[in-house]
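# Close look at the chain arrangement
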Amino acid sequence: MHLFRRTLSSIRLPTRFWKSAHPRPTLTLLLSHRSPRHYFSSKACTGCNKAMPTQSSKLSYSEGGQLPSDAPSWAVAASERIREKMAKGLGTTAVPPEGVKRVLLHSCCAPCSGAMVEEMCASKVDEVVVFFYNPNIHPKKEYDIRKEENKRYCEKIGVTFIDCDYDSDNWYERMKGMEFDPERGRRCTECFDMRMERTALYAVENGFDAIATTNATSRWKDEKQVNGSGFRAAARYEGLKYWAYDWQTDEMTLRKYEISANERFYKQEYCGCSYSLRDSNDWRKANGIPKIQIGGESAGLGERYFTDPLVDAAEESQDVVDEFFAQANEIAEAGRDVKERKKRLSVYKDRRKNEAHDGINNGLNNW
Ligand code: SF4
């Protein structure tokens, strides 16, 4: 995921997302301050014999805590639904495919895996194992940061973490000819296919009934595209299922950012591959925004770590995502024509300048 291509709060935050005049809500208003481990009851994992979350756990999301009075309406509505669910004694609404007991969950990073692991473990499955296979991530330094964080989190909550290969040469080979495709285009389909195929292979070799992916939790991703790859990969093996579900609900989003803030996860600033890094930096340059920083204590823009669930979630709101892709596609149409690319990028430079001159604030995209 690339939640942090922009940090709305750090430059000009569109009022539709957050009123900058108000103090940021603190976690005490929204959260229980209990680590995810607290939500789980212990049960030995069949793979590692460690305690792991189980179906008997009470999934609590935000535990119905009151939101700040100026919280965005989506969060208020989600919080209300969470309370209703809890009042009915429901742990989760996620239903695994029929007969599925062991799930191999492909994970792209810790922030995307937190809420999904909880939701799955609160369902009727017996075991969830996290599988890290992401040869797309570039450079290796960023790969190591994302992997190590995901591994640490799994160890903390007692979920088995499988560290697969970093066969980036194969990834580049497979992406040849698609280097200038836009995000959500052909290259991304191949990228998802490659990762899900490896996940499916490991699953059948190790007796799992189903596969799933954390890519499905992010609004930056095209859910249909992600699920398409999952279904195709599972269909290669008789009896293997792909667990499709709406992992992008507001409730899931709220929980996802609660965990991320609790754990102070690293904020990524781009999707992952060198092409998305290049395109995001091009865009930032056109908008006069500092370059993406790989690792270190400071991000290119905004905060380095997740700290505030509502503000962090706003960065992934549907409006922000839609605007990003509408503009990204305009640039991508230039393909590898460098001159045309520069011309298109300059359009945004001029647009921002004119907006500043006219005193208009249409919401700055902080890529
Ligand atoms: S932008 Fe790159 S890393 Fe992200 S899904 Fe597409 S190909 Fe994979």
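Use the structure listed above.
The rules we used
- Residues numbered from 1 in each chain as written.
- Predicted model: local features only at pLDDT ≥ 70, side-chain atom pairs only at ≥ 80, totals over all residues.
- Heavy atoms only, no water.
- Helix = DSSP H or I, 4+ residues; strand = E, 2+ residues; numbered from the N terminus.
- Buried < 20%, exposed > 50% of the residue type's maximum accessible area, 1.4 Å probe, protein only.
- Contact = heavy atoms within 4.5 Å.
- Areas by Shrake-Rupley, 256 points an atom, 1.4 Å probe, with all protein chains shown as cover.
- Expected span 1.5 Å × (residues − 1).
- Core = buried A, V, L, I, M, F, W, Y, C linked by side-chain atoms within 4.5 Å.
- Domains from an automatic or database assignment.
- Pairing = 2+ DSSP bridges.
- Near = heavy atom within 4 Å.
- Nonpolar A, V, L, I, M, F, W, Y, C, P; charged D, E, K, R; others polar.

### Here's the deal with the overall build of the chain
For the chain, the count of helices and strands is 13 helices and five strands. Every one of the 367 residues in the chain was classed for burial, and the buried ones make up 57%. Sequence-distant contacts in the chain: of pairs separated by 6 or more residues, those separated by 24 or more amount to 77%. A total of about 15,300 Å² of accessible surface is found on the chain, and carbon and sulfur atoms cover 51% of it.

### A few points about helix α10 (residues 274–286)
For α10, spanning 13 residues, the distance from its first C-alpha to its last is 18 Å, which sits close to the expected 18 Å at 1.5 Å a residue. Among all positions of α10, only Ser274, Tyr275, Ser276, Leu277, Ser280, Asn281, Trp283, Arg284 and Ala286 are buried. Directly beyond the C-terminal end of α10, a positive phi value near 65° is found at glycine 288.

### Remarks on the nonpolar core
With 57 residues, the main nonpolar core has Leu104, Leu105, Met120, Ile211, Trp243 and Trp247 as its most contacted residues. Broken down by element, the residue count for this core peaks at eight residues, all from helix α7 (residues 186–205). When residues are assigned to domains, this core turns out to be shared by domain 1 (3–13 + 263–358) and domain 2 (34–65 + 72–260), each giving three or more. The contacts of isoleucine 211, once residues within four sequence positions are left out, are Leu104, Met196, Thr199, Ala200, Ala203, Gly230, Ala233, Ala234, Leu240, Lys241, Tyr242 and Trp243. By size, the runner-up hydrophobic cluster in this structure holds seven residues, among which are Ala71, Ala75, Ala78 and Leu254.

### Some remarks on the pairing of strand β2 (residues 127–132)
Counting buried residues in β2 gives six out of six residues, a clear majority hidden from the surface. Both faces of β2 are covered, namely the face carrying Glu127, Val129 and Phe131 and the face carrying Val128, Val130 and Phe132. Here three bridges tie β2 to strand β3 (residues 161–163), and the two strands are oriented parallel to one another. Within β3, the residue paired with valine 130 across the bridge is phenylalanine 161.

### Thoughts on the site of the ligand
With respect to spatial proximity, the complete set of residues near the ligand consists of Asn136, Trp171, Glu183, Arg187, Cys188, Cys191, Phe192, Arg195, Cys271, Cys273 and Ser276. Here the shell around the ligand gets five residues from one element, more than from any other, and that element is α7. Each residue belonging to the shell around the ligand can be placed in one class, and the counts come to six nonpolar, two polar and three charged. Taken domain by domain, the makeup of the shell around the ligand includes at least three residues from each of domain 1 (3–13 + 263–358) and domain 2 (34–65 + 72–260).

### Let's talk about the pairing of strand β4 (residues 210–213)
Residue alternation in β4 divides its side chains into two sets, Ala210 and Ala212 and Ile211 and Thr213, and both sets are buried. For strand β1 (residues 102–107) and β4, the ladder comprises four bridges, and the chain directions are parallel. Bridged to leucine 104 within β4 is isoleucine 211. Alignment of β4 against strand β5 (residues 241–242), held across two bridges, turns out to be parallel.

### Points about the environment of leucine 345
As for its position among the elements, leucine 345 is in helix α13 (residues 338–358). Looking at leucine 345, the relative accessible area reads 12%, which means it is buried. Considering only alpha carbons, one finds leucine 345 and alanine 286, 59 residues apart in sequence, at a separation of 5.8 Å.

### Digging into unusual backbone geometry
The omega angle of the peptide bond from histidine 138 to proline 139 is -5°, so this bond is cis rather than trans. Its place among the elements puts proline 139 in the loop between β2 and α5 (140–157). The residue arginine 184 is not glycine, and still its phi comes out positive at about 80°. Checked against the element boundaries, arginine 184 lands in the loop between α6 (168–174) and α7.

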